[in-house]
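Chain by chain, the residues:
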Amino acid sequence: MIHDKLAFIRADMDSLRESNLLINIRTMGSPADAWMEVDGRRVLNFCTNNYLGLANHPRLKAAAKAAVDRWGVGPAAVRTIAGTQGLHLELERRLAAFKKVEDALYMQSGFCANQAAIPPLVGTEDVIFSDRLNHASIIDGARLSRARIIVYEHCDPADAETKIREHLSQYRRGLLITDGVFSMDGDIAPLDRLTEVAERHGVLTMVDDAHGEGVLGHGGRGIVDHFGLHGVCDVEIGTLSKAFGVVGGVIAGKKAIVDYIRQKARPFLFSSAVTPADTAACLAAVDLLEESEALVDRLWDNARYFSAEMKRLGFDTGHSQTPIVPVMLGDAGLAKQFSRELFEAGVFAVAIGFPTVPHGLARIRVMNTAAHSRDDLDQGLTAFEQVGRKLGVI
Ligand SMILES: *Cc1c(COP(=O)(O)O)cnc(C)c1O
């Protein structure tokens, strides 16, 4: 008998297709920017996390090119053997100063930073208190640590405290982890109250500020700066792949913790260092952010305008507090159709459904950026209005 070893894949793919959950991966034919070539068409882009428009910025590109000449294309080693170049240390010093923390560690990605930072801090004898809507990379990092994971209700410090009171005493240590900005709804974690609860019970605190880095706080210094919690929150995870426009992650905070992670984190010990071009481009991004707050201001001006206009048109844009604008549609099929019609009208905004968001909460997610002009936003709004009326959403 011939075993059909791949039957399970066909069955699952069929079921994804039937539930409108099969992901259609589009191909970009141009750099990330306000206007992009997507599947061969020039469209207005609302999908990238390019908050400050740095992904195609001349200063970052020039820095990357110069770094290739000076440092080569790859470090060809992990950081702990021969992969730590002067450039990496310079970026880490600059990031720590920018974020006003004692120390920072540059990782390959934000995803990787969570895998790196969580397991050294907690293990099988410990407990993690995790927001119900935390990002997949936090969940996976938490699972890797093999600590017990207790989920508290979304952005609910009172529930976090109830769970801490109920469980902490049965474990050696506790670690509370939350997203800073929740990427699907755009809401901000109440980090001031969460750290207060954690401090009261001697629980370590970690925030993943991937969507707050370059967006929240004074000049884009992130959620810890937004709430003035310097030195209070123990570890901040960040990404250089979103507002910074490049790629990479960062683990920032108390020196004792970052030093410990340097000794223990498996993605740091067993996966090669980030390339010189990426590192130098990140350095140029820090330069730009330290020189001027103009890009951050423009991002917020655009976000406020777009969001207010969408509400005026009658769309349900959830409860975002950031430049992320979820356009709530509910049904996954409707969200997909809405996205297809927008694309026909020259606007690129993807539908997001399960498992990225819960069943029945499908939406189109609009990412505002500093790269968009007011004209771009008006064109986008017109397309949303037309498609919204056609599909009976508004
Ligand atoms: C995007 C994101 C990440 C992953 O960052 P990368 O640098 O793209 O790997 C991690 N955590 C959160 C909360 C994110 O939104």
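S.K.: For this particular structure, what's the right way to read the overall build of the chain?
M.R.: Within the chain, the regular secondary structure consists of 15 helices and 13 strands. For a compact globule of 394 residues, the expected C-alpha radius of gyration is about 21 Å, and the chain comes in at 22 Å, within 12% of that figure. Dimensions of the chain, computed from the C-alpha atoms along their principal axes, are close to 60 × 55 × 55 Å. When the 394 residues of the chain are sorted by exposure, 54% land in the buried category. A separation of at least 24 residues holds for 72% of the contacts in the chain among residues at least 6 apart in sequence. Per element, the accessible surface of the chain, about 17200 Å² overall, is 53% carbon and sulfur. Put simply, the chain has 43 plus and 50 minus side-chain charges, and the middle of one group is 3 Å from the middle of the other.

S.K.: Where do I start with the sheet that holds strand β4 (residues 127-131) in this structure?
M.R.: Paired through backbone hydrogen bonds, the strands of a sheet run either parallel or antiparallel to each other. Spatial strand order, β3-β9-β8-β7-β6-β4-β5: seven strands in an open sheet with mixed pairing. Single-partner strands in this sheet number two, and they are β3 (103-107) and β5 (148-152). Averaged over all adjacent pairs, the angle separating strand axes in this sheet is 20°, with direction ignored. For strand β7 (residues 204-208) and strand β8 (residues 235-239), the ladder comprises three bridges, and the chain directions are parallel. Looking across to β8, one finds that valine 207 is bridged to glutamate 236. On the sheet, helix α7 (residues 157-167) packs against β4, β5 and β6 (174-179) and is oriented at approximately 145° with respect to β5.

S.K.: What is the right way to look at the nonpolar core in this model?
M.R.: Note on soluble globular proteins: their nonpolar side chains tend to be buried together. In this structure, Tyr51, Leu52, Leu60, Leu95 and Phe244 are the most contacted members of the largest nonpolar core, which totals 47 residues. Put simply, the parts of the chain that give this core at least two residues each are α2 (58-71), α4 (86-99), β3, α9 (223-227), β9 (249-253), α12 (276-291) and α13 (294-313). Among the elements that line this core, the one with the most residues is α12, at ten residues. The residue makeup of this core includes at least three contributed by each of domain 1 (16-45 + 293-390) and domain 2 (58-291). Excluding its chain neighbours within four sequence positions, the residues that come into contact with phenylalanine 244 are Leu54, Leu60, Leu95, Phe98, Glu213, Gly214, Thr239, Cys282, Ala285, Val286 and Leu289.

S.K.: What am I meant to see in the side chain of aspartate 209 here?
M.R.: The topology assignment puts aspartate 209 in the loop between β7 and α9. Within the local environment of aspartate 209, its side chain forms a polar contact with the backbone nitrogen of isoleucine 223, the two atoms lying 2.7 Å apart. Apart from the residues within four sequence positions on either side, aspartate 209 is in contact with Gly180, Val181, Gly222, Ile223, Glu236 and Ile237.

S.K.: Teacher, can you tell me more about the pattern of salt bridges here?
M.R.: Working definition: two side chains of opposite charge can pair if their charged atoms are close together. Applying the stated criterion across every chain, the model contains 31 salt bridges. Note that arginine 200 is salt-bridged to glutamate 196, the shortest N-O span being 3.8 Å. Of the two residues, arginine 200 and glutamate 196 are both situated in helix α8 (residues 191-200); the distance of four residues between them amounts to about one turn of the helix. The exposure class assigned to arginine 200 is partly exposed, which follows from its relative accessible area of 48%. With relative accessibility at 46%, the residue glutamate 196 sits in the partly exposed group. Between arginine 262 and aspartate 259 there is a salt bridge; the shortest N-O distance is 2.9 Å.

S.K.: Would you mind going over the domain arrangement of the chain with me for this structure?
M.R.: It is common to give the size of an interface as the accessible area that goes away when the parts come together. Domain boundaries in the chain define domain 1 (16-45 + 293-390) and domain 2 (58-291). Averaged C-alpha coordinates put domain 1 and domain 2 at centres separated by 27 Å. Contacts between the two partners involve 17 residues from domain 1, matched on the other side by 16 residues from domain 2. If you look at where domain 1 meets domain 2, you find one salt bridge.

What counts and what doesn't
- As a convention, each chain's residues are numbered from 1 in the sequence order in which they are written.
- Two thresholds apply to this predicted model, a pLDDT of at least 70 for residue-level local features and 80 or more for giving and counting side-chain atom pairs, whereas whole-chain, interface and lining totals are computed over all residues.
- Think of the side-chain values as coming from all heavy atoms in the structure, minus any hydrogens and water.
- Put simply, DSSP marks the helices as runs of H or I at least four residues long and the strands as runs of E at least two long, and each gets a number from the N terminus on.
- Between the two quantities, the radius of gyration covers C-alpha atoms and the globule rule is 2.2 Å times the number of residues to the power 0.38.
- Three exposure classes are used, based on accessible area relative to the maximum for each residue type with a 1.4 Å probe and protein chains only: buried under 20%, partly exposed in between, and exposed over 50%.
- Contacts are assigned to residue pairs with any non-hydrogen atoms lying within 4.5 Å of each other.
- Only the protein chains shown count as covering a residue, and every accessible area follows the Shrake-Rupley method with a 1.4 Å probe.
- For this count, His and the chain ends are skipped, Lys and Arg are scored as positive, and Asp and Glu as negative.
- To locate a charge, take atom NZ for lysine, CZ for arginine, CG for aspartate or CD for glutamate.
- By the convention used here, strands pair only if DSSP detects at least 2 bridges between them.
- To obtain an axis, a line is fitted to C-alpha atoms, over the contacting stretch when the element is a helix, and the angle between two such axes runs from 0 to 180 degrees between their N-to-C directions.
- For our purposes a nonpolar core is just a set of buried Ala, Val, Leu, Ile, Met, Phe, Trp, Tyr and Cys residues, chained together by side-chain atoms within 4.5 Å.
- Domain start and stop positions are those given by an automatic or database domain assignment.
- Polar contacts, as counted here, are pairs of nitrogen or oxygen atoms within 3.5 Å of one another; within protein the pair requires one atom able to donate a hydrogen and one able to accept it, and residues that are adjacent in sequence qualify only if both atoms are side-chain atoms.
- We define a salt bridge as a contact between a side-chain nitrogen of Lys or Arg and a carboxyl oxygen of Asp or Glu at a distance within 4 Å.

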